[in-house]
Amino acid sequence: MTEPALAVDGVTKSFGGLIASKDISLDLRPGEIHALIGPNGAGKSTLIAQIAGGLRPDTGRIWLEGRDVTGLPTAERARLGMGRTFQISSLAMEFTVLQNAVLGALGQRGRVFRFWRPVMRESDLLSRAEAALEQVGLAEFRAVRTGDLSHGQRRQLEVAVALTLEPHVFLMDEPMAGLGAEASRQLMGFLDRLRDRAPILLVEHDMDAVFALADRISVLVYGEIIATGTADEIRADPRVRSVYLGA
Ligand code: ADP
Ligand code: MG
């Protein structure tokens, strides 16, 4: 079997008496969308934060392309190819679309200056930003003020910002949240194509989207993964039906 792009191995995290992650293991394989579903408060965002580096697990390891990144800060993980979008918009509304893409490439990563030397030329920065906008279909909006974009377009821009790093894996926490039907459909089409560039660990509430898109689905309940499988396997799993789907 090929090496997973991302692996979570026995991760546990407690907040006081609350166990938010209970011995969680999962992996993300090249080319796949692996969806993480579960009720509110199940621990999905907490897990994403541990993978991205904002939260330190109490026990367990995080592997990125065979490399143990558990002790590395967020910026270093990002530099190694961990891309993510955020549940809450991180865009500057008064800036243009292109300015946000450049800012993202610059700021989020902290990788423009290392050892007091620029590692990316300004022209490279610009062409990366433009390429990312092209990929998400926002090239023609480059000069538009971000605050004037639709909700769906802003979500696409957030993905473009993440793409400027040319990530090897993607973490997405509820990218469809707040989108209308048409914008959701567009974003789904985009994620469907994106998986070939970088596999996606997708936290998503929209079950239709999850079942349509995901190669595999893991179900998290009270900090524990109770099932992992294909859409058909998850639909048929009696534990999932009783605990989660309410059937
Ligand atoms: P989900 O994203 O699945 O809705 P979260 O990961 O946000 O769930 O939360 C999982 C549980 O951990 C919840 O009970 C939440 O209240 C708790 N929690 C999350 N972050 C913290 C924190 N920083 N301190 C204390 N409790 C937290
Ligand atoms: Mg959450």
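Residues numbered from 1 in each chain as written. Chains lettered and ligands numbered in written order. Predicted model: local features only at pLDDT ≥ 70, side-chain atom pairs only at ≥ 80, totals over all residues.

**Some thoughts on the packing of helix α5 (residues 151-163) against helix α6 (residues 181-194)**
- Taken N-terminus to C-terminus, the directions of α5 and α6 make an angle of 20°; their axes are 9 Å apart at the nearest point. Here α6 runs roughly parallel to α5, going by the angle between their axes. In this structure, the crossing between α5 and α6 has a hand that is right-handed. Packed against α5, whose contacting residues are H151, G152, R155 and Q156, the element α6 presents A183, Q186, L187 and F190 at the interface.
- The class makeup of the residues in the contact of α5 with α6 is three nonpolar, four polar and one charged. (Axes fitted to C-alpha atoms, helices over the stretch in contact; angles between N-to-C directions. Helix = DSSP H or I, 4+ residues; strand = E, 2+ residues; numbered from the N terminus. Parallel < 35°, antiparallel > 145°, perpendicular 65-115°, else oblique. Left-handed = near helix turned anticlockwise from the far one by under 90°. Contact = placed C-beta atoms within 7 Å. Nonpolar A, V, L, I, M, F, W, Y, C, P; charged D, E, K, R; others polar.)

**A few points about the sheet that holds strand β6 (residues 82-85)**
- The six strands are arranged β6-β9-β10-β3-β11-β12 in an open sheet whose pairing can be described as mixed. Strands with a single pairing partner mark the edges of an open sheet, and in this sheet they are β6 and β12 (224-229). Each adjacent strand pair in this sheet contributes to an overall mean axis angle of 20°, direction not counted.
- Relative to strand β10 (residues 200-203), strand β3 (residues 33-37) runs parallel, the two sharing four bridges. Each bridged residue has a counterpart across the sheet, and for A35 the counterpart in β10 is L202. (Pairing = 2+ DSSP bridges.)

**Observations concerning the pairing of β12**
- Bridging between strand β11 (residues 216-221) and β12 involves five bridges; their strand directions are antiparallel. Pairing of V221 across the sheet is with E224, part of β12.
- The antiparallel pairing of β11 with β12 creates a hairpin that spans two residues between the two strands, and Y222 there sits at a positive phi of about 45°.

**What about the site of ligand 1?**
- What surrounds ligand 1 is the set F15, L18, A20, G38, N40, G41, A42, G43, K44, S45 and T46.
- Among the elements of the structure, β2 (18-28) and α1 (44-52) are those that each provide at least two residues to the shell around ligand 1.
- For the shell around ligand 1, the element with the highest residue contribution is α1, accounting for three residues.
- Across the shell around ligand 1, the residue classes break down as four nonpolar, six polar and one charged. (Near = placed C-beta within 6 Å.)

**Some points on α5**
- A rise of 1.5 Å per residue sets the reference length of α5, with its 13 residues, at 18 Å; its end C-alpha atoms lie 19 Å apart and thus fit the reference within 8%.
- Counting buried residues along α5, 10 of its 13 residues qualify, which places the element largely inside the surrounding structure.
- Taken residue by residue, α5 has R154, R155, Q156, L157, E158, V159, A160, V161, A162 and L163 as its buried positions. (Expected span 1.5 Å × (residues − 1). Buried ≥ 20, exposed ≤ 12 C-beta atoms within 10 Å, placed from the backbone.)

**Quick word on the packing of helix α4 (residues 122-136) against α5**
- One way to put it is that α4 packs onto α5 with a least axis distance of 8 Å and a crossing angle of 140°. By the angle class used here, α4 and α5 are oblique. Relative to α5, α4 is oriented so that their crossing is right-handed. Of the residues in α5, those touching α4 at A132, L133, Q135 and V136 are Q156, V159, A160 and L163.
- Within the contact of α4 with α5, the residues separate by chemical class into six nonpolar, two polar and no charged.

**Considerations on the pairing of β10**
- Of the two faces of β10, the one carrying I200 and L202 and the one carrying L201 and V203 are both buried.
- Bridge analysis of strand β9 (residues 169-173) against β10 gives four bridges, and the strand direction is parallel. Across the sheet, the residue bridging to D173 is V203, located in β10.
- With respect to chirality, the unit in which β9 leads through α6 into the neighbouring parallel β10 is right-handed. (Right-handed = clockwise from strand over helix to strand, strands pointing away.)

**What about the domain arrangement of the protein?**
- Taken as a whole, the protein is organised into domain 1 (1-81 + 167-247) and domain 2 (90-166).
- Between the C-alpha centres of domain 1 and domain 2 there is a distance of 25 Å.
- Contact with domain 1, which involves 13 residues of that partner, is made by 13 residues of domain 2.
- Elements represented by at least two residues in the side of domain 1 that touches domain 2 include exactly α2 (74-79) and α6.
- Broken down by element, the side of domain 1 that touches domain 2 gets its largest block of residues, four residues, from α6.
- In terms of residue class, the side of domain 1 that touches domain 2 is built from nine nonpolar, three polar and one charged. (Domains from an automatic or database assignment.)

**Overview of the sheet that holds strand β4 (residues 59-64)**
- Strand order in the open sheet made by the four strands is β2-β1-β4-β5, with antiparallel pairing throughout. Of all strands in the sheet, those bounded by a partner on one side alone are β2 and β5 (67-68).

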